[in-house]
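What the coordinates show
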Amino acid sequence: YSPDWEPVYFYSPKPNGAASPPPPGGAALILADAYVRGGSYASTSFGASSELVVKKSADGGYAREAYLKLDISRGEADETVRVRVSGYLSDTRAPSVRTQIFSVANASWLETSLNWNNRPVTGTTVLGTVVVMGTSAQWYEVDITAHVQAQRASGATQIAIALKNPDDTLPYSA
């Protein structure tokens with residue numbers, strides 16, 4: 001713990017964990033999730049962690065990004081698809097922290113070996129944004145229907161997304 005930074009925490013139900021109630025419309029099943037950390041932790045895998053920590057920092061040792069692999073093979077072609085995660089702030093030094101969702105170039109990574117050094121390339125277009133508020137966990141949903149439809153049309157059955165904070169803030173999101 002360092003008193004000058006805090007990330008945002010996210011929990012994504014893993015296939016063997018307790019599932020959250022699905023959002024209205026379609027739900028993309030989360031197959032794998034992990035976060036990565038820069039600096040001296042760049043070769044460490046955090047895939048076994050029960051939390052996904054997201055933090056932007058000018059100091060690479062505090063920077064974190066989260067990755068989720070999704071099964072998009074289920075559902076109808078015109079169905080709305082949302083990603084649902086639970087998140088909270090680590091402390092009250094900021095009332096809110098923005099977290100953006102990006103596409104990821106490939107979904108072949110494993111949560112047990114993903115780290116900062118081998119993390120997949122993310123797209124540059126923001127698929128959605130959540131504003132994490134408060135230190136109590138809340139559900140956040142992002143509609144990624146257009147992205148999923150485009151990926152399904154190209155034959156994909158799995159995709160990956162990344163969660164990143166665009167701003168360097170004191171609290172982190174989880």
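These figures come from a predicted structure and were not determined experimentally. (Residues numbered from 1 in each chain as written. Predicted model: local features only at pLDDT ≥ 70, side-chain atom pairs only at ≥ 80, totals over all residues. Heavy atoms only, no water.)

Mapped onto the secondary structure, Lys55 falls in the loop between strand E4 (52-54) and strand E5 (64-71). Take Lys55: its relative accessible area is 3%, and that puts it in the buried class. Spatially, the C-alpha atom of Lys55 lies 5.8 Å from that of Asn165, the residues being 110 residues apart in sequence. A polar atom in the side chain of Lys55 sits 3.3 Å from the side chain of Asp168. Within polar-contact distance, the side chain of Lys55 engages the backbone oxygen of Thr169 at 2.2 Å. (Helix = DSSP H or I, 4+ residues; strand = E, 2+ residues; numbered from the N terminus. Buried < 20%, exposed > 50% of the residue type's maximum accessible area, 1.4 Å probe, protein only. Polar contact = N/O pair within 3.5 Å; in protein donor to acceptor, adjacent residues only side chain to side chain.)

Our next topic: the confidence of the model for the protein. The share of residues in the protein with pLDDT of 70 or more is 84%, and the mean pLDDT across the chain is 83. Note on residues 1-26: pLDDT under 50 across the span, and 106 contacts to partners over four residues away in sequence or across chains. (pLDDT = per-residue confidence, 0-100. Contact = heavy atoms within 4.5 Å.)

Where a strand is regular, its side chains alternate between the two sheet faces. Counting buried positions along strand E10 (residues 158-164) gives five out of seven residues, so the element sits mostly inside the fold. Examined bridge by bridge, E5 and E10 share six bridges and lie antiparallel to one another. Within the sheet, the bridge partner assigned to Ala66 lies in E10 and is Leu163. Examined bridge by bridge, strand E7 (residues 96-104) and E10 share four bridges and lie antiparallel to one another. Directly across from Phe102, in E10, lies its bridge partner Ala162. (Pairing = 2+ DSSP bridges.)

Spatially, the five strands line up as an open sheet ordered E3-E5-E10-E7-E8, and their pairing is antiparallel. Each edge of the sheet is formed by a strand with only one pairing partner; in this case those strands are strand E3 (29-37) and strand E8 (122-133). Neighbour-to-neighbour, the strand axes of the sheet open up by a mean angle of 25°, direction not taken into account. (Axes fitted to C-alpha atoms, helices over the stretch in contact; angles between N-to-C directions.)

Glancing now at the pattern of salt bridges. What the rule picks out here adds up to seven salt bridges. One salt bridge in this structure joins Asp167 and Arg98, with 3.0 Å as the shortest N-O distance. Highlighted residues: Asp167 in the segment after E10 and Arg98 in strand E7, separated in sequence by 69 residues. On the accessibility criterion, Asp167 (33% relative accessible area) is partly exposed. Given a relative accessible area of 35%, Arg98 falls into the partly exposed group. Bridged by salt links that share partners, the residues Glu65, Arg119 and Lys164 form one connected network. (Salt bridge = Lys/Arg side-chain N within 4 Å of Asp/Glu carboxyl O.)

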